[in-house]
Number of protein chains: 2
Amino acid sequence: MKSDLRKEMMTIREMCDAFEVTPRTLRFYEAKELLSPERVGTKRLYSKTDRARLALILRGKRFGFRLEDIRQTLDLYDRDDGNSAQRKRACELGVQRLAEMEAQRANLDLAIAELKAELTDAEAKGLVPRRAA
Amino acid sequence: MKSDLRKEMMTIREMCDAFEVTPRTLRFYEAKELLSPERVGTKRLYSKTDRARLALILRGKRFGFRLEDIRQTLDLYDRDDGNSAQRKRACELGVQRLAEMEAQRANLDLAIAELKAELTDAEAKGLVPRRAA
DNA sequence: AGAGCAGTTGACGTTAACGTCACTGTGACG
DNA sequence: CGTCACAGTGACGTTAACGTCAACTGCTCT
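Residues numbered from 1 in each chain as written. Chains lettered and ligands numbered in written order. Predicted model: local features only at pLDDT ≥ 70, side-chain atom pairs only at ≥ 80, totals over all residues. Heavy atoms only, no water.

Chemist: When you look at the protein's contact with DNA strand C in this model, what are you seeing that I'm missing?
Modeler: Near DNA strand C, the surroundings consist of 17 residues, among which Thr22, Tyr29 and Lys61 of chain A together with Arg27 and Arg44 of chain B are the closest. Of all atoms in DNA strand C that approach within 4 Å of the protein, 74% are sugar or phosphate atoms. Between DNA strand C and Tyr29 of chain A there is a distance of 2.7 Å, counted from a phosphate oxygen to a side-chain nitrogen or oxygen. Looking at the surface near DNA strand C, the elements with two or more residues in it are α3 (23-31) of chain A together with α2 (12-19), α3 (23-31) and β2 (43-45) of chain B. Per-element tally for the surface near DNA strand C: the top contributor is α3 of chain A, with four residues. Counted by class, the surface near DNA strand C contains four nonpolar, four polar and nine charged residues. (Near = heavy atom within 4 Å. Polar contact = N/O pair within 3.5 Å; in protein donor to acceptor, adjacent residues only side chain to side chain. Helix = DSSP H or I, 4+ residues; strand = E, 2+ residues; numbered from the N terminus. Nonpolar A, V, L, I, M, F, W, Y, C, P; charged D, E, K, R; others polar.)

Chemist: So what exactly am I meant to see when it comes to the pattern of salt bridges here?
Modeler: Pairing is possible between side chains that carry opposite charge, provided their charged atoms lie close to one another. Tallying each qualifying case throughout the model produces 21 salt bridges over all chains. For Arg105 of chain B, the salt bridge is made with Asp109 of chain A, and the minimal N-O distance between the two is 2.6 Å. Of this pair, Arg105 of chain B sits in helix α6 (residues 85-124) while Asp109 of chain A is found in helix α6 (residues 85-124), placing the two residues in two different chains. Classification of Arg105 of chain B by relative accessible area gives partly exposed; the value is 26%. With relative accessibility at 26%, the residue Asp109 of chain A sits in the partly exposed group. One salt bridge in this structure joins Arg66 of chain B and Asp69 of chain B, with 3.2 Å as the shortest N-O distance. (Salt bridge = Lys/Arg side-chain N within 4 Å of Asp/Glu carboxyl O. Buried < 20%, exposed > 50% of the residue type's maximum accessible area, 1.4 Å probe, protein only.)

Chemist: Explain the interface of chain B and chain A here, please?
Modeler: When the parts of a complex come together, some accessible area is lost, and that lost area is often taken as the interface size. Taken together, the 29 residues of chain B in the interface contact 29 residues of chain A. Between chain B and chain A, the buried area comes to about 2800 Å², and carbon and sulfur atoms account for 73% of it. Seen at the junction of chain B and chain A, the total is eight salt bridges. Of the charged contacts in the structure, one is a salt bridge between Arg59 of chain A and Glu118 of chain B, with a shortest N-O distance of 3.1 Å. When residues of the side of chain B that touches chain A are assigned to their parent elements, the largest contribution, 21 residues, is made by α6 of chain B. (Contact = heavy atoms within 4.5 Å. Buried area = accessible area lost by both parts, 1.4 Å probe.)

Chemist: Can you walk me through the protein's contact with DNA strand D in this structure?
Modeler: Around DNA strand D sit 15 residues in total, of which Arg27 and Arg44 of chain A together with Thr22, Tyr29 and Lys61 of chain B are the nearest. Within the side chain of Arg39 of chain A, one N or O atom sits 3.0 Å away from a phosphate oxygen of DNA strand D. Secondary structure elements with two or more residues in the surface near DNA strand D: α2 (12-19) and β2 (43-45) of chain A together with α3 of chain B. In terms of residues, the surface near DNA strand D owes the most to one element, α3 of chain B, which gives four residues. Class assignment of the residues belonging to the surface near DNA strand D gives a composition of four nonpolar, three polar and eight charged.

Chemist: Explain the relation of the copies chain B and chain A here, please?
Modeler: At an RMSD of 0.1 Å, chain B and chain A line up after a rotation of 180 degrees and a shift of 0.0 Å along the axis. Such a combination of rotation and displacement between the chain copies is what one expects of a two-fold axis. Using C-alpha coordinates, one finds that chain B approaches the rotation axis most closely at Arg105 of chain B, a distance of 3.3 Å. (Least-squares fit on C-alpha atoms with pLDDT ≥ 70 in both.)

Chemist: Help me out: how do you make sense of helix α4 (residues 48-63) of chain A in this one?
Modeler: Residue pairs spaced three or four apart in an α-helix point in one direction, given the helix's 3.6 residues per turn. Residue and element names in this part refer to chain A. Taking 1.5 Å of rise per residue, the 16 residues of α4 would be expected to cover 22 Å, and the 23 Å separating its terminal C-alpha atoms lies within 8% of that figure. Within the span of α4, buried status applies to Asp50, Arg51, Arg53, Leu54, Ile57, Leu58, Gly60 and Phe63. Measuring from the backbone nitrogen of Thr49 back to the side-chain oxygen at the start of α4 gives 3.3 Å, which picks out Ser47 as the cap. Following α4 by one or two positions, Gly64 has its phi on the positive side, about 90 degrees. (Expected span 1.5 Å × (residues − 1).)

Chemist: Explanation requested: the packing of aromatic side chains in the structure shown.
Modeler: How two aromatic rings sit relative to each other is given by the distance of their centres and the angle of their planes. Residue and element names in this part refer to chain A. Evaluated as defined, the whole model comprises four aromatic pairs over all chains. Taken together, a centroid distance of 6.3 Å and an interplanar angle of 50 degrees make the contact between Phe28 and Tyr29 tilted. You can call Phe28 partly exposed: its relative accessible area is 32%. A relative accessible area of 4% places Tyr29 in the buried class. It is Arg97 that lies over the ring of Phe65; its NZ or CZ is 5.9 Å from the centre. (Phe/Tyr/Trp six-rings, centres within 6.5 Å; stacked < 30°, edge-to-face > 60°. Lys NZ or Arg CZ within 6 Å of the ring centre and 35° of its normal.)

So this is what it looks like as structure tokens:
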């Protein structure tokens, strides 16, 4: 069974390859207390749980969360011993973030429209070659 | 007519109030060669042209351009002596930026959808109070 | 002349998320 | 036994767009 346990653990390099991050990033996340891999001697070994956490971290980043927010949310999950107050908090953060993202999208749409108009205008004045449609 | 000329010029404070920026910002833009107000003694005086430039700068920022890009575009406008190669370049930048913005929007939409799904899921599992619809 | 305020310059601080070095340690291999 | 590659630990660098602060200068009011 020892080989099984070994298979569960990954070195920093394996993690980097699996998740497409750099060693620096993993160590950075550790310094920020987002990860806490086991130490065998001086080296790090990442468990399945660590991998799950990292996956959550990266997904959080795709959502535009800051690492600090992600850390808090992750900590809540950890301390979630049946009591759902923690999950509630996590969801609140999510709802908040969702609102921010939708606001951001609205602004982006505005800017896109404005810029498009600008370009169309320049074309109309013949100041510039027409775009591809 | 002197009063007219004076009316055309604005102090740094007036500029700040008019455009809702700080003095630091204006001096910063100047250091970055985005603006070049007149100097009367040691003080800065901003002309109508300066105001137009600042307006363009701020609009550029709303579009998500970096100051350096804005500077280049502005410089192109300035040196635009009939030859439209410059304008063309400016428009190319605009088209490029437009593409970036639309890509960004697509990503944002994805993230929003994912996050929404996540939240809906949590609700369905009764892990958390339902949202307002 | 003294007070006070606007304006100026220059230098350093800030935030986020790492990158880049330099140096040390360690296990494996030939 | 040498050395090679990979790990690990600081510490400092990077980018953008300013904020903050200190120390002046200069003008105006009284």
